[in-house]
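# Coordinate inspection notes
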Amino acid sequence: MTIEEKISSFRQSAEEIPGVVIIHNLKDLSVAFMNSRGLKTLGVTLAALQEMGDKWHFRFFDEKESAEYVPKIIGLLERNSETEFITLFQRVKTVDDWKWYHTSMKIFLWNETGKPILTIGIATPIDPSHDITAKVARLVDENNFLRENVQKFNRLTSREKEVLVFLAEGQSSQMISDSLFISVATVETHRRNIRRKLEAENSYKLGDYVRAFNLK
């Protein structure tokens, strides 16, 4: 079956699915098809979307966040299973604003040698009033922070990481001294070294490291 035949056979069904349907051409990562619900959400025509080629990702998705789920997509293609699908969260730039979507994706078509040539994704919006929306946003922010600051964090010693947790809680040097059974002077040295290595000005910033690197 050709790409055109596969899409044509699915076109009507795609319009009835309660979500955004996206079919990618793996040859150049362009959009081979998107249902009318999706085009309306993005405020574009299919022709305009296809003219963008693989650049459409940079217009409608956050590049930093994409780095989190692209490896999952690559893994899906490498395993090349007829039954496997993956799920991921994506923040999409719609005609109104950035909105969170939950996407399910699988391989949709193979060529005569068994190589994947199309993928299909079905994206449904996440209710912004739902608790999970805030949780997903926080998780993505923490992952981005971790990726951008992992080199700084790795400069800390084991003891400095212990002290970091207390500093993020706003504890005084005396309190940290009592908890770790070290002198106040030693705590102060650790405090200076931590702020210098992490380039952090306040406890809130230190807390970002504690949360992102799962220290507590």
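Details of the structure are given in the entry above.
From a predicted model like this one, the values you see are computed outputs, not experimental measurements.

## Structural notes on the pairing of strand E5 (residues 116–125)
- Sheet analysis places strand E1 (residues 20–25) next to E5, joined by six bridges and oriented antiparallel. Residue pairing across strands places Ile23 opposite Ile120, the latter belonging to E5.
- One ladder, built from nine bridges, connects strand E4 (residues 98–110) with E5; its direction is antiparallel. What sits directly across from Thr103, in E5, is Ala123.

## Quick notes on the pattern of salt bridges
- Scanning all chains against the criterion turns up nine salt bridges.
- In this structure, the salt-bridge partner of Arg79 is Glu84, at a minimum N-O distance of 2.8 Å.
- On the basis of relative accessibility, which here comes to 49%, the residue Arg79 falls in the partly exposed class.
- Residue Glu84 is classed as partly exposed on the basis of its relative accessible area, which comes to 22%.

## Section: helix H8 (residues 173–180)
- Of the residues making up H8, those classed as buried are Ser173, Ile176, Ser177 and Leu180. What you see down the axis of H8 is that its buried residues fit within an arc of 105°, all on one side.
- Buried residues in H8 make contact with helix H7 (158–168) and helix H9 (184–198).
- Just downstream of H8, Phe181 is the residue with a positive phi angle, here 60°.

## Overview of the sheet that holds E4
- Taking strand neighbours across the sheet as the criterion, the five strands line up as E2-E1-E5-E4-E3 in an open arrangement whose pairing is antiparallel. Two strands bound the open sheet, and with one partner strand each, they are strand E2 (30–34) and strand E3 (85–93). For this sheet, the mean angle separating the axes of adjacent strands, direction not counted, is 30°.

## Observations concerning the layout of surface pockets
- Of the pockets and cavities examined, the largest pocket occupies roughly 510 Å³.
- Lining the largest pocket are 22 residues, with His24, Leu29, His57, Val70 and Ile73 sitting closest to its centre.
- Elements supplying a minimum of two residues to the lining of the largest pocket: E1, helix H4 (56–60), helix H5 (63–79), E4 and E5.
- Sort the elements by how many residues they give to the lining of the largest pocket and H5 lands first, with seven residues.
- Across the lining of the largest pocket, the residue classes break down as 13 nonpolar, seven polar and two charged.
- Taken as a whole, the second largest pocket holds about 200 Å³ of empty space.

Here is what the cut-offs are and how they apply
- Residues numbered from 1 in each chain as written.
- Predicted model: local features only at pLDDT ≥ 70, side-chain atom pairs only at ≥ 80, totals over all residues.
- Heavy atoms only, no water.
- Pairing = 2+ DSSP bridges.
- Helix = DSSP H or I, 4+ residues; strand = E, 2+ residues; numbered from the N terminus.
- Salt bridge = Lys/Arg side-chain N within 4 Å of Asp/Glu carboxyl O.
- Buried < 20%, exposed > 50% of the residue type's maximum accessible area, 1.4 Å probe, protein only.
- Arc of directions from axis to C-beta.
- Contact = heavy atoms within 4.5 Å.
- Axes fitted to C-alpha atoms, helices over the stretch in contact; angles between N-to-C directions.
- 1 Å grid on protein atoms, 1.4 Å probe; cavity = no way out; pocket = protein on both sides within 12 Å on 5 of 7 lines; lining within 4 Å.
- Points joined across faces, edges and corners; volume = space filled by probe spheres on them.
- Nonpolar A, V, L, I, M, F, W, Y, C, P; charged D, E, K, R; others polar.

Read these as geometric descriptors, not functional statements.
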